[in-house]
Amino acid sequence: MIIRLIIGYFLLYFGALFLLLGAFGLIRLPDLYTRMQAATKSTTLGAFSSVLGVGILHPGWFIKCVVVALFILLTAPIGSSALMRAAYKTGVPFDERTVVDEGKEFFGEEKKEEAK
Amino acid sequence: MILVSWVLIILMIALAILSIELKNLIAAVVAVGAVSLVISLLFLLIQAPDVAMAEASIGAALTMAIYIIGVRKTERSEKDG
Amino acid sequence: MVRKVVYSIFLAIIVLALAMFFAAYPFGKNKMTVGEYYLNHGVAQTGAANIVTSVVLDYRGFDTLGEVSVLFAAAAGVAILFFLAGGTKREQEDLTKPNFVVRVGSRIIFPFILLFGSYIFIHGHLTPGGGFQGGSIIASGFLLLYLSYPGTRTNRDGLSIIEGLAGLTFVVLGLIGLFLPQYSFLYNFLPKGILNTIVSAGILPIIYIAIGFKVASEFAGIVDDMMCQVICRGGGK
């Protein structure tokens, strides 16, 4: 009982911490790509673990919460990758401190594949 | 709860004004979709989950897709005048 | 500038009038006797646990038939419009292929969207939601499939058959009520069953399943028409 409460509250606060960090990242980071990283990775982990924590705290909802968490884990990265690719292809500018642009290599190869 | 609903209402009005003022029509369509998402949250807050579901799936997904296809077929941005 | 000022003055007047009008009615209180009647007698009379469903399909079933036919007319209008537009000239457009993550992910998610939509319209008389909501969720699943695999076409003849059968089910179920001794269209002639079980509320779940299929096929048809306008190369059908 106590162990369940500890695990549940730990997951809940862990998720809330990551959501808060994601919100800070959204404000503090310089350009769209880094902001998307903050808004996706940490938010996915935060939502996932807080929903799971709610499920552990409330055993009647556990299966529903696991389904919701899996769905978050499936959909959030897909949507963000599509958004990021659309932004790259329409030419949203980088921040001037950017060091390396790996997208050029990656999407260039993708174009070659389409041409085949 | 009342505070949350007021925040959502102000957000909704701001998004609606944004959707009128934006010149890039794709961005305006995205703002319209966000308006209907906020409306569906408001419906959920006043305990109307049936309407919230319909609003979220029709307003935020299907209508937006139809608008975007329409924008693709016509002009991308609004002219001044 | 003057125009904007005039507009804002008019807008302020309208908002003020609306606010004064609605301030007279307290929100969330049962002012209307018919609403109180539905809340008190709805569950006992229709056997549906979801009171919204009992209003939409039982007390106001004829209006729902009208809504469904309006939706049908809209879908037919879109189809006719694009058929006429397709006859003249069809622009070619280069759609970039969606990336690997989107393709694989949507292939995984699509069956779950179908499952969720059918859950919503099958449980329409028990939980929130119903035919319209479930049907539009299924159609948005089809939209996801179209966006991730731009070459997809659905089987239009199959869609028309599903749509026609679903509409026919609704109308025939309504007409059966006319031949019963009670003489009313959409009379709930099946037994009510036990509250809160899946087989309850007589004909309401059957009608909601029919509406779900009809709405899903209509919206999928509209999406198919519009995506085909963007994607189809050359003539096509």
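Data block above holds the structure.
Remember, predicted model here, so these are calculated numbers, not experimental data.

Caption draft 1: Fine view of the overall build of chain C. When helices and strands are tallied, chain C shows 8 helices and 0 strands. Ordering the α and β elements of chain C from the N terminus gives α-α-α-α-α-α-α-α. Counting every position in chain C, which comprises 237 residues, the buried fraction comes to 38%. Across chain C, contacts joining residues at least 24 apart in sequence account for 68% of those joining residues at least 6 apart. Surface summary for chain C: the accessible area is close to 13,700 Å², and the carbon and sulfur share equals 72%.

Caption draft 2: Main features of the nonpolar core. Counting residues in each nonpolar core, the largest one holds 28 residues, and the members touching the most others are Leu62(B), Leu57(C), Phe170(C), Ile207(C), Ile211(C), Phe219(C) and Val223(C). Mapped onto this core, the elements with two or more residues apiece are helix H3 (49-73) of chain B together with helix H4 (61-88), helix H6 (131-148), helix H7 (156-178) and helix H8 (204-231) of chain C. By residue number, the principal contributor to this core is H8(C), which donates 10 residues. One finds Val102(C), Ile109(C), Ile113(C) and Ile120(C) within the second-largest nonpolar core, a separate group that totals 6 residues.

Caption draft 3: Focus on the interface of chain C and chain A. Every contact between the two is made by 10 residues of chain C and, on the other side, 10 residues of chain A. Between chain C and chain A, the buried area comes to about 830 Å², and carbon and sulfur atoms account for 72% of it. The interface formed by chain C and chain A includes 0 salt bridges. Linking chain C with chain A are 0 residue pairs in polar contact (both at pLDDT 80 or more). Counted by class, the side of chain C that touches chain A contains 5 nonpolar, 4 polar and 1 charged residues.

Caption draft 4: Expanded view of the pattern of salt bridges. All names here are of chain C. Enumeration according to the criterion identifies 1 salt bridge over all chains in this entry. Here glutamate 218 ties to lysine 214 by a salt bridge, and the two come within 3.3 Å at their closest N and O atoms. Of this pair, glutamate 218 and lysine 214 both sit in helix H8, 4 residues apart, roughly one helical turn.

Caption draft 5: Up close: the packing of helix H1 (residues 2-21) of chain B against helix H2 (residues 25-45) of chain B. Residue and element names in this part refer to chain B. Following both chains from N to C, one finds H1 and H2 inclined at 160°, their axes separated by 9 Å at the closest point. With respect to H2, the axis of H1 lies roughly antiparallel. Two packed elements cross with a definite hand, and for H1 against H2 that hand is left-handed. The segment H1 lies against H2, with Val4, Ser5, Leu8, Ile9, Leu11, Met12, Leu15, Ala16 and Ser19 engaging Ala28, Ala31, Val32, Ala34, Val35, Val38, Ile39, Leu41, Leu42 and Leu45. Considered class by class, the residues forming the contact of H1 with H2 number 17 nonpolar, 2 polar and no charged.

Caption draft 6: Summary view of H1(B). Residue and element names in this part refer to chain B. Taking 1.5 Å of rise per residue, the 20 residues of H1 would be expected to cover 28 Å, and the 29 Å separating its terminal C-alpha atoms lies within 8% of that figure. Those residues of H1 that fall on the buried side of the exposure criterion are Ser5, Leu8, Leu15 and Ser19. End-on view of H1: buried residues confined to an arc of 85°, all on one side of the axis. Exposed residues pointing more than 90 degrees away from the buried face of H1 are listed as Ile2, Leu3, Trp6, Ile10, Ile20 and Glu21. Against the buried residues of H1 lie H2.

Caption draft 7: Focus on the interface of chain C and chain B. Contact residues are listed per partner, giving 22 residues for chain C and 15 residues for chain B. Carbon and sulfur atoms supply 72% of the area buried between chain C and chain B, which totals about 1,600 Å² over both sides. It is Pro128(C), Gln133(C) and Met226(C) in chain C that bury the most area against chain B; as a group they hold 26% of the surface buried on that side. Linking chain C to chain B there are 4 residue pairs in polar contact (both at pLDDT 80 or more). Mapped by element, the contributors of at least two residues to the side of chain C that touches chain B are H6 and H8 of chain C. Among the elements that take part in the side of chain C that touches chain B, H8(C) stands out by supplying 7 residues, more than any other.

What counts, and at which threshold
- Residues numbered from 1 in each chain as written.
- Chains lettered and ligands numbered in written order.
- Predicted model: local features only at pLDDT ≥ 70, side-chain atom pairs only at ≥ 80, totals over all residues.
- Heavy atoms only, no water.
- Helix = DSSP H or I, 4+ residues; strand = E, 2+ residues; numbered from the N terminus.
- Buried < 20%, exposed > 50% of the residue type's maximum accessible area, 1.4 Å probe, protein only.
- Contact = heavy atoms within 4.5 Å.
- Areas by Shrake-Rupley, 256 points an atom, 1.4 Å probe, with all protein chains shown as cover.
- Core = buried A, V, L, I, M, F, W, Y, C linked by side-chain atoms within 4.5 Å.
- Buried area = accessible area lost by both parts, 1.4 Å probe.
- Salt bridge = Lys/Arg side-chain N within 4 Å of Asp/Glu carboxyl O.
- Polar contact = N/O pair within 3.5 Å; in protein donor to acceptor, adjacent residues only side chain to side chain.
- Nonpolar A, V, L, I, M, F, W, Y, C, P; charged D, E, K, R; others polar.
- Axes fitted to C-alpha atoms, helices over the stretch in contact; angles between N-to-C directions.
- Parallel < 35°, antiparallel > 145°, perpendicular 65-115°, else oblique.
- Left-handed = near helix turned anticlockwise from the far one by under 90°.
- Expected span 1.5 Å × (residues − 1).
- Arc of directions from axis to C-beta.

Interpretation note: all reported values are geometric properties and have no functional meaning in isolation.
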